[in-house]
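Structural overview for review
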Amino acid sequence: MAPRAIWKGQLSVGALSCGVALYAAATTADRTSFHIVNRKTGNRVRRDYVDEETGKPVAREDQAKGYEVSRGSYLLLEPEDIAAAVPEGHKTLEIGSFLACKDVDTAYFDKPYFLKPASEADEEAFAVMREGMRKADVAAVARAVLFRRVRTVLIRARGCGLLAHTLHFDYEILPASDAFKTLPDKRIKGEMLDLAKHIIDTKRGQFDPSKFDDRYDAALAELVKTKAEGGTIEAPKRARRSAKSGAGGAAARKKG
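Here we take up the sheet that holds strand β2 (residues 16-24). Pairing within the closed barrel is mixed, and its seven strands lie in the order β1-β2-β6-β9-β8-β7-β5. Taking the axes of each pair of neighbouring strands and ignoring which way they run, one obtains an average angle of 40° across the sheet.

This part covers the environment of Leu-93. For Leu-93, the position within the fold is in strand β5 (residues 92-100). A C-alpha to C-alpha distance of 9.5 Å links Leu-93 and Ser-17, two positions 76 residues apart in sequence. Other than its neighbours up to four places away in sequence, Leu-93 contacts Trp-7, Gln-10, Leu-11, Ser-12, Leu-115, Ala-142, Arg-143, Ala-144, Val-153 and Ile-155.

According to the stated counting rule, one finds two aromatic pairs in the structure shown. Taking NZ or CZ as reference, Lys-116 lies 5.0 Å from the ring centre of Tyr-23, over its face.

Summarising the element assignment, Ala-118 is placed in the loop between β6 (109-117) and α2 (123-136). The exposure class of Ala-118 is partly exposed, given its relative accessible area of 34%. In sequence terms Ala-118 and Leu-22 are 96 residues apart; their C-alpha atoms lie 8.8 Å from each other. Discounting chain neighbours no more than four positions away, the residues touching Ala-118 are Gly-19, Val-20 and Ala-21.

Evaluated as defined, the whole model comprises seven salt bridges. Note that Arg-215 is salt-bridged to Asp-213, the shortest N-O span being 3.2 Å. The class of Arg-215 is exposed, set by a relative accessible area of 66%. The network of salt bridges with common partners includes Arg-130, Glu-131 and Arg-134.

The next thing to look at is the layout of surface pockets. Once rolled over the atoms, a probe with the size of a water molecule shows which space is left empty. Taken as a whole, the largest pocket spans an internal volume of roughly 450 Å³. Lining the largest pocket are 14 residues; nearest its centre among them are Val-50, Asp-51, Glu-52, Val-58 and Ala-64. Among the secondary structure elements, those contributing two or more residues to the lining of the largest pocket are β3 (65-70) and β4 (73-77). Within the lining of the largest pocket, the residues separate by chemical class into six nonpolar, three polar and five charged.

Cut-off values and rules
Residues numbered from 1 in each chain as written. Predicted model: local features only at pLDDT ≥ 70, side-chain atom pairs only at ≥ 80, totals over all residues. Heavy atoms only, no water. Pairing = 2+ DSSP bridges. Helix = DSSP H or I, 4+ residues; strand = E, 2+ residues; numbered from the N terminus. Axes fitted to C-alpha atoms, helices over the stretch in contact; angles between N-to-C directions. Contact = heavy atoms within 4.5 Å. Phe/Tyr/Trp six-rings, centres within 6.5 Å; stacked < 30°, edge-to-face > 60°. Lys NZ or Arg CZ within 6 Å of the ring centre and 35° of its normal. Buried < 20%, exposed > 50% of the residue type's maximum accessible area, 1.4 Å probe, protein only. Salt bridge = Lys/Arg side-chain N within 4 Å of Asp/Glu carboxyl O. 1 Å grid on protein atoms, 1.4 Å probe; cavity = no way out; pocket = protein on both sides within 12 Å on 5 of 7 lines; lining within 4 Å. Points joined across faces, edges and corners; volume = space filled by probe spheres on them. Nonpolar A, V, L, I, M, F, W, Y, C, P; charged D, E, K, R; others polar.

Next comes the structure, spelled out in structure tokens:
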């Protein structure tokens, strides 16, 4: 089945524009997934919203979004209130600037999408933008209303098309300085630095995502297959160190 565009609009920079279609570039559909079931009946369990105080289920028509203004006190927002506050989509990815690809901070990357021409009539203008960015080795920064929010999107040449990433907002990225503030700024020199360089050189390779195996999902898939065939799964054996051997090892290290 051909992929379905999740958004269509115009990609525009200055006097140049073309129709584009946005497609998801990543999916979790092939992951092993589970449902919650009733162990006694084998029936699937459905989740209900219940009142925090009464414990009784709340009908869908009685459910509303609420913003907590103080502990236990909520400001109710109706769907029409939220709809009125959301910016209207004008269906244009407006490029505001270009950045050198090497200057892009990948910490801000959110979700990846493919951009393609919306029709054959758009292919030439699309190719002009793509090849211009490829030649200059730059990424375009554009804005548009996507999925009911104003999004900033980073766009780069990728094969015959364009790869777009929605970007996290600045307030969503935690400062690295806060995470690393307790780390001493050690400078490594001499033999230890040479050793690090040697290790890196012996392990140097190429970026190949096909080699990044999802061992957790593979283990779950094997578990499901084995159980479905009537087999049993044995827990992996873990080596256990006695307190005596552990103490002896610690003492030996201390002597050394």
